[in-house]
Amino acid sequence: MNIRQPRMSPSNSSDAPPWADLMKSFFSGSHQLFAALDMEPSKIAADEVCVFATIPAFFSCEGEGGCAHPGAYTIILDTVFGFSVFAKIQRPQAIATINLKTDYLRPIEIGAKVICSAECFAINGNIARTRGQIVDYDGRPLASAAGAFMIGSGGPDFARIAEGPHA
Amino acid sequence: MTRFIDSPLRHWLSFEAIETGDGRLYSMTPGDAHVGNPLIKALHGGVVSTFLELAALHELKRALGSETNASAININIDYLKSVKLAPIFARARIAKAGRRLIFVDCVAWQDNEDTPVAKAACSFLHNKRRSNLPGERPTSPREQHPGGIFSP
């Protein structure tokens, strides 16, 4: 797997494609899970999507503080993988996760900030393949994963989701 | 019961473990905070994965003792169908418990145990000391640069 550091820019460049704003609206909207993880995109491009996130307190498996349950990694990776597929196909279409394999490389404490980078590296028919990793702010790898997604899964497309549940 | 039962994560997931005549049944009662797709009220795949991994860890401690200290190495999960905003149940099975490695398989369902919504294979490292991974210490927010490396 090609391990790359995410681009260290806090916001998208001015030449960002129009669909990037639509994708960003996910994270600035009313999605409770994304809000709880304080997810903020730093790069949205066809070849890579990078998102900042903070490990929330409710992921503690030891009472107050302490180490986070690694499920936090899976939630972040599944989310960013999905966005990497959207960024690749560049059109609003429903997708669904088929499977996800996550390797846990290093534990993390509650409240730590992480960066998740992902790419959709292949699309074969309706199947999109993704891979990515989570690193901490010092660039140390925390988790790596690979996933497969079904494109055109029959659900609502992401443009409608971005508009909100009452749109 | 293990210390995980009373953890914040257990409360966030509304995670329960119930002894049945056919082994232990694990359950989660999801809410809006667990939704991935708000239009069809489908649970986030990462939440389902977290639930199954927590069930696997409880089954591991049930089989090997509540003082067993094991850390997750990886998880491989297949999503068999969309998981709706309704109670979700799971059973876990120890596939192999070696001296250092433990493999646990989990299956989750909602309406009927015969129609699973997800299945997962989890592997754990049996630690003798209280640490998540050998030779590693966790990344702490206190260790990070005060302003962060992204500061202007």
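Conventions and cut-offs
- Note that residues are indexed from 1 along each chain, following the sequence as it is written.
- For this description, chains carry letters from A and ligands carry numbers from 1, given in the order in which they are written.
- For this predicted model, a pLDDT threshold of at least 70 governs which residues receive local features, and a threshold of 80 or more governs which side-chain atom pairs are given and counted, while totals over whole chains, interfaces and linings are taken from all residues.
- Think of the side-chain values as coming from all heavy atoms in the structure, minus any hydrogens and water.
- Strands here mean DSSP runs of E at least two residues long; helices mean DSSP runs of H or I at least four residues long; both are numbered from the N terminus.
- To estimate the expected span of a helix, subtract one from its residue number and multiply by 1.5 Å.
- Burial status follows relative accessibility: with a 1.4 Å probe on protein chains alone, a residue under 20% of its type maximum counts as buried, one over 50% as exposed, and anything between as partly exposed.
- When DSSP finds two or more bridges between two strands, those strands count as paired.
- The angle between two axes is taken between their N-to-C directions and runs from 0 to 180 degrees, where each axis is a line fitted to C-alpha atoms and a helix contributes only its stretch in contact.
- The criterion used for residue contact is that any of the two residues' heavy atoms lie within 4.5 Å.
- When the centres of two rings from Phe, Tyr and Trp lie within 6.5 Å, Trp using its six-membered ring, the rings pair. Their planes under 30 degrees apart give stacked, over 60 give edge-to-face, and anything left gives tilted.

(A) Quick look at helix H3 (residues 71-89) of chain A. Residue and element names in this part refer to chain A. Here H3 contains 19 residues, and its C-alpha end-to-end distance of 28 Å stays within 8% of the 27 Å for a straight helix at 1.5 Å per residue. When you tally the buried positions in H3, you get 18 out of 19 residues, the bulk of the element. Just beyond H3, the residue with positive phi is Gln90, at close to 55°.

(B) Structural context of the sheet that holds strand E6 (residues 141-151) of chain A. Reading across from one edge, E1(A)-E2(A)-E4(A)-E5(A)-E6(A)-E3(A)-E5(B)-E8(B)-E7(B)-E6(B)-E2(B)-E1(B) is the order of the 12 strands in this open sheet, with antiparallel pairing throughout. At either margin of the open sheet sits one strand with a lone partner, and together these are strand E1 (40-45) of chain A together with strand E1 (15-20) of chain B. Ignoring which end each strand starts from, the neighbouring axes of this sheet average 25° apart. Where strand E5 (residues 127-136) of chain A and E6(A) come together, nine bridges link them in antiparallel fashion. The partner of Thr130(A) across the bridge, within E6(A), is Gly147(A). Along the sheet, helix H2 (residues 45-64) of chain B contacts strand E3 (95-104) of chain A together with E1, strand E2 (23-28), strand E5 (69-79), strand E6 (88-97), strand E7 (101-109) and strand E8 (116-127) of chain B; its crossing angle with E6(B), the most-contacted strand, is approximately 50°.

(C) Summary view of the packing of aromatic side chains. Inspection of the entire model under this criterion finds 10 aromatic pairs over all chains. For the pair Phe15(B) and Tyr26(B), a centre-to-centre distance of 5.8 Å together with 25° between the ring planes defines the contact as stacked. Taken as a pair, Phe15(B) in strand E1 and Tyr26(B) in strand E2 lie far apart in primary sequence, 11 residues in all. When its relative accessible area of 0% is taken as the criterion, Phe15(B) is described as buried. On the accessibility criterion, Tyr26(B) (0% relative accessible area) is buried. The structure contains a cluster of three or more aromatic residues connected by ring pairs, namely Phe34(A), Phe83(A) and Phe86(A).

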